[in-house]
Amino acid sequence: LPSAVLENMSVEESRDRFLEAIEGKPKEHVYVAEDDGRVFGFAVAGPSRDAGSDAVGEVYALYVLQDYQGMGTGTRLFRKAVDDLAGKGFVSLVVRVLSGNSYCRFYEKHGGTEVEARDEDVGGQLMKLRIFRWDRMPLRMDKDETMGE
C-alpha cells in the first residue's frame, strides 16, 4: 500500500477489524500461519463483496512476512481459504489485488484469470485494482496438506 494509506492506518483499527472478522462476521474467516506462537502469515476470506454474487467467494487478504516467503506458506493459506469457501457452497472465486503488487503472478500461477481492472477506495485513497477470477473453485486440498486452524 502507498505510504499515505499506511500512515492513516492504526494498529488498533487493524486489530479491531480482524477481531470483527473472527468474532462478528460468521461468514468471514481468518487463517493464520504461526511459528512458536508468532504469526507470520494470514489469509482472510468470505463471500464476495460484489453485489449479486451469492455463489462467489473472495480471498480478501493474503500476507506472509518476507522472511517466511518462498516456503509454500502463501499457497497453503490460499488453499485452506479456498477449500473452506468451497465447503460452504461457493462455486467460484475472486481476488482483488493492487495493480502494482508484484505478487499478481501468484494468483496467475494458481489459475486465476484477470477479468477486470478498476479503481476502488482503499483506506480513503482511490487505487487501481486488478480483479482475478476462477469460474470454478480451484485447488482442492489433499487431506495431508491441511493446515491446523
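Use the structure listed above.
Rules behind the numbers
Residues numbered from 1 in each chain as written. Predicted model: local features only at pLDDT ≥ 70, side-chain atom pairs only at ≥ 80, totals over all residues. Heavy atoms only, no water. Helix = DSSP H or I, 4+ residues; strand = E, 2+ residues; numbered from the N terminus. Expected span 1.5 Å × (residues − 1). Buried < 20%, exposed > 50% of the residue type's maximum accessible area, 1.4 Å probe, protein only. Contact = heavy atoms within 4.5 Å. Salt bridge = Lys/Arg side-chain N within 4 Å of Asp/Glu carboxyl O.

### Examining helix α3 (residues 73-87)
Its 15 residues give α3 an end-to-end C-alpha distance of 21 Å, which sits within 8% of 21 Å, the value for a rise of 1.5 Å per residue. All of the buried residues in α3 are Thr73, Gly74, Thr75, Leu77, Phe78, Lys80, Ala81, Val82, Asp83, Asp84, Leu85 and Ala86. Its buried side turned inward, α3 meets β1 (29-35), β2 (38-47), β3 (56-64), β4 (92-98), α4 (104-109) and β6 (125-134). Just downstream of α3 lies glycine 89, where phi reads positive at about 100°.

### A short note on the pattern of salt bridges
The tally for this structure, following the rule as stated, stands at 12 salt bridges. Connected through shared salt-bridge partners, Arg49, Asp50, Glu58, Arg96, Glu116, Arg118 and Glu120 make up one network.

So, to be careful, I would describe these as geometric facts and stop short of saying anything about function.
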